[in-house]
Amino acid sequence: AFSRRYLHGELMYGRMQLVAAGMVLGFNLVAVAPTLEQVAIGWTLIGYCSTFLIGGFNDRPLARDNAAYAFLVYQLSDAALLAAIAFGPSSDAAVANPELAAAGLLVASALKSSQFPFSGLFLRSMEGASPNS
């Protein structure tokens, strides 16, 4: 009940609903994608939408700084996922390296989900204007 009325009447209500719907779309793409290449599309969409949700109150300097930090972390996470794709089993046999692919997936997931030792993102995401922050 809280999240249905949250931000209702605010100027940014429509934008937040659209970005939250984009985040749900990204989650669904990651959940049903049959290949890592298709996972990367949803993975990136989640990062962009999360950045916009964290920086929702962009008139506050702290919210802008936290959104910029989150964007940097998400771009590093995307780079790690791309490395996992590049060295994964579906790549050229000459560059396939399962250990590097596994490390890329581990780093990408730890960064995106703010797991130890990358837990600084979690505290910064609390500045967000949405109840899913």
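The structure this text deals with has already been given above.
Residues numbered from 1 in each chain as written. Predicted model: local features only at pLDDT ≥ 70, side-chain atom pairs only at ≥ 80, totals over all residues. Heavy atoms only, no water.

Caption draft 1: The arrangement of the pattern of salt bridges in detail. In total, this model carries 1 salt bridge according to the counting rule given. Linking Asp-78 and Lys-112 is a salt bridge whose minimum nitrogen-to-oxygen distance equals 3.7 Å. Residue Asp-78 is found in helix α4 (residues 61-86), and its partner Lys-112 is found in helix α5 (residues 98-112); the two are separated by 34 residues along the sequence. Each member of the pair, Asp-78 together with Lys-112, is buried. (Salt bridge = Lys/Arg side-chain N within 4 Å of Asp/Glu carboxyl O. Helix = DSSP H or I, 4+ residues; strand = E, 2+ residues; numbered from the N terminus. Buried < 20%, exposed > 50% of the residue type's maximum accessible area, 1.4 Å probe, protein only.)

Caption draft 2: Layout of the side chain of Ser-114. Within the secondary structure, Ser-114 sits in the loop between α5 and α6 (120-125). When neighbours within four sequence positions are excluded, Ser-114 is seen to be in contact with Ser-119, Gly-120, Leu-121 and Phe-122. (Contact = heavy atoms within 4.5 Å.)

Caption draft 3: The arrangement of the packing of helix α3 (residues 36-54) against α5 in detail. α5 packs onto α3 with a crossing angle of 20° between their chain directions and a minimal axis gap of 12 Å. Between α3 and α5, the angle is such that the two are roughly parallel. Two packed elements cross with a definite hand, and for α3 against α5 that hand is left-handed. Packed against α3, whose contacting residues are Leu-36, Trp-43 and Gly-47, the element α5 presents Leu-105, Ala-108, Ser-109 and Lys-112 at the interface. When its residues are assigned to classes, the contact of α3 with α5 shows 4 nonpolar, 2 polar and 1 charged. (Axes fitted to C-alpha atoms, helices over the stretch in contact; angles between N-to-C directions. Parallel < 35°, antiparallel > 145°, perpendicular 65-115°, else oblique. Left-handed = near helix turned anticlockwise from the far one by under 90°. Nonpolar A, V, L, I, M, F, W, Y, C, P; charged D, E, K, R; others polar.)

Caption draft 4: Structural detail: the environment of Ala-21. Within the element layout of this structure, Ala-21 appears in helix α2 (residues 13-32). Residue Ala-21 is classed as partly exposed on the basis of its relative accessible area, which comes to 43%. Through-space distance from the C-alpha of Ala-21 to that of Cys-49 is 8.9 Å; in sequence the pair is 28 residues apart.

Caption draft 5: The environment of Thr-51, seen in detail. Structurally, Thr-51 can be placed in helix α3. Residue classification places Thr-51 among the buried residues on the basis of a relative accessible area of 12%. Counting along the chain gives 15 residues from Thr-51 to Asn-66, while the straight-line C-alpha distance between them is 8.6 Å.

Caption draft 6: Just the packing of α4 against α5, in detail. In the contact formed by α4 and α5, the axes pass within 7 Å of each other and the chain directions differ by 160°. Classified by the interaxial angle, the pair formed by α4 and α5 is roughly antiparallel. You can see that α4 and α5 cross each other, and the crossing is left-handed. Between α4 and α5, the residues in contact are Val-73, Tyr-74, Leu-76, Ser-77, Asp-78, Ala-80, Leu-81 and Ala-84 and Ala-101, Gly-104, Leu-105, Val-107, Ala-108, Leu-111 and Lys-112, respectively.

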